[in-house]
Amino acid sequence: MSDNKGDLTTSVHKKENKSKLNRDLRRWERTSFFFAIYDIVTIIISSVVTMTLNTTSSPLYRINYWGDAHMYFTLGKSVNNGLVLYKDVFDHKGPYIYFLHSLAARISGTSFIGIFIIEIICAVVFSAFVWKTVKLFYSPKHSWILIPMQVVTSYFTYSFWYGDGAEELCIPLLAIVVYIALKAEKNNALPGFKETIAIGVISGYLFLFKFNFCALIIGYLLYVVVSSIIRKNMSA
């Protein structure tokens, strides 16, 4: 009789522990979801405010003050008007930068509002992957102050002084590559199939945008090749 009572007590304790574990898990999932949404909202607001104040493509400024931005925009509008790149109009950068400005010119052909929207999207993607990279190695608190600081210190620099630069439009893709690389390194592994395809697509895009941005990816791929050889020799 006592053995049956002891088994019943043990069974009750197991059910209670399982129930408590399920409650804790649901609470953790709700908390994680809340903080994920909170981070996303903070990134979006920080990016919009930063780009509104920083880039002269913003409606706060009468005009973008950088000559190259006007050249990109002019070639983009030329594409929309049926002119052929490198035949009717020419500049030394890759075609994708002009296709992007062609898209912006379809939003507005008389202002930089289209470019401003694209810049905000780029800032959001860049900041999101920088934050994801930080969280690979550290679980930061106070994201409400750290995320705006990251966005501001990234974009209020000489490289992005007037806005609409090739660097600004490509840096989100480089941030994705850095995230993939550091995530694989943290797991002591090589990038998976999907990550490899992503790096390949990004490389092709950057090559046809401004090819010298591929230097970072070439350096990382050389590291992957050497690392693969070392791993193979160690396992042999």
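## Comments concerning the confidence of the model for the protein chain
(1) Moving on: Counting all residues, the mean pLDDT for the protein chain is 85, and 83% of those residues have values of 70 or more.
(2) Moving on: Mean pLDDT across the secondary structure elements of the protein chain bottoms out at helix α1 (residues 2-54), with 65, and peaks at helix α3 (residues 95-107), with 96.

## Topic: the pattern of salt bridges
(1) Moving on: According to the stated counting rule, one finds three salt bridges in the structure shown.
(2) Moving on: Two residues, Asp 39 and Lys 135, come together in a salt bridge whose shortest N-O distance is 3.4 Å. Residue Asp 39 is found in helix α1, and its partner Lys 135 is found in helix α4 (residues 113-137); the two are separated by 96 residues along the sequence.
(3) Moving on: When its relative accessible area of 43% is taken as the criterion, Lys 135 is described as partly exposed.
(4) Moving on: Here Lys 87 makes a salt bridge to Asp 88, at a shortest N to O gap of 3.5 Å.
(5) Moving on: Take Asp 88: its relative accessible area is 40%, and that puts it in the partly exposed class.

## Quick word on the packing of aromatic side chains
(1) Moving on: Taken as a whole and judged by the stated rule, the model has 15 aromatic pairs.
(2) Moving on: Taken together, the ring pairs in this structure connect Tyr 96, Phe 99, Tyr 205 and Phe 209 into an aromatic cluster.
(3) Moving on: Residue placement shows Lys 132 over the ring face of Phe 129; its charged tip is 6.0 Å from the ring centre.

## Description of the side chain of Asp 39
(1) Moving on: Residue Asp 39 is classed as buried on the basis of its relative accessible area of 7%.
(2) Moving on: Here Trp 131 takes part through its side chain, which lies 3.1 Å from a polar atom of the side chain of Asp 39.
(3) Moving on: Aside from chain neighbours lying at most four places away, what touches Asp 39 is Trp 131, Lys 135, Ser 143 and Ile 147.

## A closer look at helix α5 (residues 143-155)
(1) Moving on: In this model α5 runs 18 Å from its N-terminal to its C-terminal C-alpha over 13 residues, within 8% of the 18 Å that 1.5 Å per residue would give.
(2) Moving on: The complete set of buried residues in α5 reads Ser 143, Ile 147, Gln 150, Val 151, Ser 154 and Tyr 155. The arc that holds every buried residue of α5, seen down its axis, measures 105 degrees, which confines them to one face. Among the exposed residues of α5, those pointing more than 90 degrees away from its buried face are Trp 144 and Thr 153.

## Quick word on the state of the cysteines
(1) Moving on: All chains considered together, the criterion is met by zero disulfides.
(2) Moving on: With no disulfide of its own, Cys 214 lies closest to Cys 170 among cysteine sulfurs, the gap being 9.0 Å.

## Comments concerning helix α2 (residues 67-80)
Structurally, the α-helix is built with 3.6 residues per turn, so residues lying three or four positions apart point the same way.
(1) Moving on: The end-to-end C-alpha distance of α2, which contains 14 residues, comes to 20 Å, matching closely the 20 Å that a straight helix rising 1.5 Å per residue would cover.
(2) Moving on: Ala 69, Tyr 72, Phe 73, Leu 75, Gly 76 and Ser 78 are the residues of α2 that are buried.
(3) Moving on: For α2, the secondary structure elements touched by its buried residues are α3.
(4) Moving on: In the stretch just after α2, Gly 82 is the one whose phi turns positive, near 95 degrees.

Conventions used here
- Residues numbered from 1 in each chain as written.
- Predicted model: local features only at pLDDT ≥ 70, side-chain atom pairs only at ≥ 80, totals over all residues.
- Heavy atoms only, no water.
- pLDDT = per-residue confidence, 0-100.
- Helix = DSSP H or I, 4+ residues; strand = E, 2+ residues; numbered from the N terminus.
- Salt bridge = Lys/Arg side-chain N within 4 Å of Asp/Glu carboxyl O.
- Buried < 20%, exposed > 50% of the residue type's maximum accessible area, 1.4 Å probe, protein only.
- Phe/Tyr/Trp six-rings, centres within 6.5 Å; stacked < 30°, edge-to-face > 60°.
- Lys NZ or Arg CZ within 6 Å of the ring centre and 35° of its normal.
- Polar contact = N/O pair within 3.5 Å; in protein donor to acceptor, adjacent residues only side chain to side chain.
- Contact = heavy atoms within 4.5 Å.
- Expected span 1.5 Å × (residues − 1).
- Arc of directions from axis to C-beta.
- Disulfide = S-S within 2.5 Å.

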